[in-house]
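# Architecture at a glance
Chain by chain, the residues:
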Amino acid sequence: MRNINLAVIGSFSFTAIFSISVSAMTTAPATPENLKPPQTEKVAFALSAKGVQIYQCSVNKNDATQFAWVFKAPEAELFDQAKTKVGKHYGGPTWESNDGSKIQGEVKARSEVIGVKTIPWLLLAAKKPEGKGLFSSVKSIQRLNTMGGSAPATGCDRTQANTEVRVPYTANYYFYVDN
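This one's a predicted model, so the numbers in the text were calculated from it and none came from an experiment.

Okay, the overall build of the protein next. The helix and strand inventory of the protein stands at one helix and ten strands. Scanning the protein from its N terminus toward the C terminus, one meets helices and strands in the order β-α-β-β-β-β-β-β-β-β-β. Sequence-distant contacts in the protein: of pairs separated by 6 or more residues, those separated by 24 or more amount to 61%. When the accessible surface of the protein is summed, it comes to about 9800 Å², and 53% of that surface belongs to carbon and sulfur atoms.

This is the structure we're talking about:
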């Protein structure tokens, strides 16, 4: 692996943190075919996430007697391979770096993980880039190696309407840029 050097005007120490700790990936991870980004893109870097998936107990719009846990948003911290916190992940879905750059994602494909109660793996297209920095050139995002984060199977009824639960999860995010 090689290091990515990111220039952040006016913040030498911050640049040094990123040049040491955000490692470039040279090969794409093995994934189901439907989760592969366009062939015109390559892996730039990977981050791990640790946080929660937030669900709200909501009434079924078609049947007011039925309730279910509905996904509301993620809330996680993002870490590089040296375990340094480099950003956060939250509703949108949005990935925001400590350098101020951020992107939102739009789900393009998903793959359920068989035999494990966990949130699905995803391929997302990056949209609405803001700022210059870590996320400014990202085109696609993969969410892989998920653990946890699934909605509870029970506990959502009329008495729990509008309550939220926060389910712990971890995942690896791979960020792709143009070749």
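Enumeration according to the criterion identifies six salt bridges in this entry. Here R166 makes a salt bridge to E75, at a shortest N to O gap of 2.3 Å. Within this pair, whereas R166 is found in strand 10 (residues 164-178), its partner E75 is found in strand 4 (residues 63-79), the two being separated by 91 residues in sequence. For the salt bridge of E77 with K85, the shortest nitrogen-to-oxygen distance reads 3.4 Å.

Interpretation of this model should avoid reading the predicted coordinates in detail wherever pLDDT is low. Summing up the model confidence of the protein, the mean pLDDT is 87 and the portion of residues at 70 or higher is 85%. In this model, residues 1-21 is a region of pLDDT below 50 whose contacts with residues beyond four sequence positions or in other chains number 35 contacts.

Mapped onto the elements, Q39 comes out in the loop between strand 2 (23-24) and strand 3 (41-60). Judged by relative accessible area, which is 78%, Q39 ranks as exposed. Taking the C-alpha atoms as reference, Q39 lies 9.1 Å from D178; in sequence the two are 139 residues apart.

For the rest of this paragraph, the subject is the nonpolar core. Among the nonpolar cores identified, the biggest contains 27 residues, and W95, F135, Y173 and F175 are the most heavily contacted of them. Elements represented by at least two residues in this core include exactly strand 3, strand 4, strand 8 (121-130) and strand 10.

Turning next to the state of the cysteines. Scanning all chains against the criterion turns up one disulfide. The disulfide partner of C57 is C156, and the S-S distance across this bridge is 2.1 Å. Here C57 and C156 share a disulfide; its torsion about the S-S bond, 95°, makes the bridge right-handed. One end of the pair, C57, is in strand 3; the other, C156, is in the loop between strand 9 (140-148) and strand 10, with 99 residues separating them in the sequence.

Reading around the circumference, 3-4-5-6-7-8-9-10 is the order of the eight strands in this closed barrel, with antiparallel pairing throughout. This sheet shows a mean twist of 30° between the axes of neighbouring strands, independent of strand direction. In terms of strand pairing, strand 6 (residues 94-97) meets strand 7 (residues 102-111) through three bridges, oriented antiparallel. Counterpart to T94 in the pairing with strand 7 is Q104.

Right, let's get into the packing of aromatic side chains. Tallied over the entire structure, the rule returns seven aromatic pairs. Look at Y55 and F71: their rings are 5.8 Å apart centre to centre, the planes differ by 70°, and that puts the pair in the edge-to-face class. One end of the pair, Y55, is in strand 3; the other, F71, is in strand 4, and 16 residues separate them in sequence. A relative accessible area of 7% means that Y55 is categorised as buried. Ring plane angle 50° and centroid distance 5.1 Å describe the contact between F135 and F175, whose orientation is recorded as tilted. One end of the pair, F135, is in the loop between strand 8 and strand 9; the other, F175, is in strand 10, with 40 residues separating them in the sequence. Considered together, F135 and F175 belong to a single accessibility category, that of buried residues. Taken together through their ring pairs, the aromatic side chains of F45, W95, F135, Y173 and F175 make up a single cluster.

Definitions and limits used
- Within each chain, residues carry numbers counting from 1 in the order of the written sequence.
- Given that the model is predicted, a residue must reach a pLDDT of at least 70 before its local features are reported, and side-chain atom pairs must reach 80 or more before they are shown or counted; all residues, however, enter totals for whole chains, interfaces and linings.
- Side-chain metrics in this entry use all non-hydrogen atoms of the structure; hydrogen atoms and water are not considered.
- Numbering of helices and strands starts at the N terminus; helices are DSSP runs of H or I of at least 4 residues and strands are runs of E of at least 2.
- Contacts are assigned to residue pairs with any non-hydrogen atoms lying within 4.5 Å of each other.
- Computed with a 1.4 Å probe, the accessible areas rest on the Shrake-Rupley method; for each residue, only the protein chains presented here act as cover.
- By definition, a salt bridge exists where a carboxyl oxygen of Asp or Glu is found within 4 Å of a side-chain nitrogen of Lys or Arg.
- Confidence scores per residue from the predictor, reported as pLDDT, run from 0 to 100.
- Burial classification: accessible surface area is computed with a 1.4 Å probe over protein chains only, and a residue below 20% of its type maximum counts as buried, one above 50% as exposed, and the rest as partly exposed.
- What is meant by a nonpolar core is a set of buried Ala, Val, Leu, Ile, Met, Phe, Trp, Tyr and Cys residues, joined one to another through side-chain atoms within 4.5 Å.
- Only a pair of cysteine sulfur atoms within 2.5 Å counts as a disulfide in this structure description.
- Any two strands with at least two DSSP-identified bridges between them are counted as paired.
- Convention adopted: a line fitted to C-alpha atoms gives each axis, helices being fitted over their contacting stretch, and angles between N-to-C directions are expressed from 0 to 180 degrees.
- Only rings of Phe, Tyr and Trp enter the pairing, Trp through its six-membered ring, and a pair is recorded when the two centres are within 6.5 Å. The plane angle decides the type: under 30 degrees is stacked, over 60 is edge-to-face, the rest tilted.

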